[in-house]
Amino acid sequence: MMKCIQVEGMKCQHCAGSVTKALEELEGISHVQVDLEKKQVSFEGEADHESVKKAIERKGFQVVEG
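Notes on the structure follow.

Calculation notes
- Residues numbered from 1 in each chain as written.
- Predicted model: local features only at pLDDT ≥ 70, side-chain atom pairs only at ≥ 80, totals over all residues.
- Heavy atoms only, no water.
- Buried < 20%, exposed > 50% of the residue type's maximum accessible area, 1.4 Å probe, protein only.
- Helix = DSSP H or I, 4+ residues; strand = E, 2+ residues; numbered from the N terminus.
- Arc of directions from axis to C-beta.
- Contact = heavy atoms within 4.5 Å.
- Expected span 1.5 Å × (residues − 1).
- Pairing = 2+ DSSP bridges.
- Axes fitted to C-alpha atoms, helices over the stretch in contact; angles between N-to-C directions.
- Polar contact = N/O pair within 3.5 Å; in protein donor to acceptor, adjacent residues only side chain to side chain.

1. Some words on helix α2 (residues 49-58)
Then step 1. The complete set of buried residues in α2 reads V52, K53, A55 and I56. For α2, the arc enclosing every buried residue in end-on projection is 165°, short of the 170-degree limit, so these residues lie on one face.
Then step 2. In this structure, the buried residues of α2 make contact with β1 (2-8), α1 (13-24), β2 (29-35), β3 (40-45) and β4 (62-64).
Then step 3. In the stretch just after α2, G60 is the one whose phi turns positive, near 100°.

This is how it looks when you write it as structure tokens:
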């Protein structure tokens with residue numbers, strides 16, 4: 001099942017690559033796609049929301065709740 005979250009602070013392909021790598025390192029996450037224009041990250045997997053959020057925030061970006 002594809003999940004989608006809003007992420008603030010991504011501005012370039014390097015940012016997108018950092019977020020992609022952070023999520024792909026989590027157990028059970030695959031098919032990570034970053035849309036810089038929409039500030040969205042979509043992925044497949046069953047990792048819990050808190051793990052996803054922490055992985056993204058460790059790279060310096062902010063997950064937008066709600």
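The rest of the description comes next.
2. Re α1
Residues three or four positions apart in an α-helix share a direction because the helix packs 3.6 residues into each turn.
Then step 1. Its twelve residues place the ends of α1 16 Å apart at the C-alpha level, agreeing with the 16 Å of an ideal helix rising 1.5 Å per residue.
Then step 2. Within the sequence span of α1, burial applies to C15, A16, S18, V19, T20, A22 and L23.
Then step 3. Buried residues in α1 make contact with β2, β3 and α2.

3. Remarks on the sheet that holds β2
Then step 1. Taken together, four strands build an open sheet; the order of strands is β2-β3-β1-β4 and the sheet is antiparallel. Of all the strands in the sheet, just β2 and β4 have a single pairing partner and so form its edges. Direction aside, the axes of adjacent strands within the sheet are offset by 35° on average.
Then step 2. Note that β1 and β3 share five bridges and pair antiparallel. Residue pairing across strands places M2 opposite E44, the latter belonging to β3.
Then step 3. Where α1 meets the sheet, it contacts β2 and β3, and its direction lies at approximately 165° from that of β2.

4. Topic: the pairing of β1
Then step 1. With three bridges connecting them, β1 and β4 associate as antiparallel partners. Paired with V7 across the two strands is V63, which belongs to β4.

5. Quick look at the side chain of K53
Then step 1. Mapped onto the secondary structure, K53 falls in helix α2.
Then step 2. A distance of 3.3 Å separates a polar atom in the side chain of K53 from a polar atom in the side chain of E65.
Then step 3. Apart from residues no more than four positions distant in its own chain, K53 is found in contact with V63 and E65.

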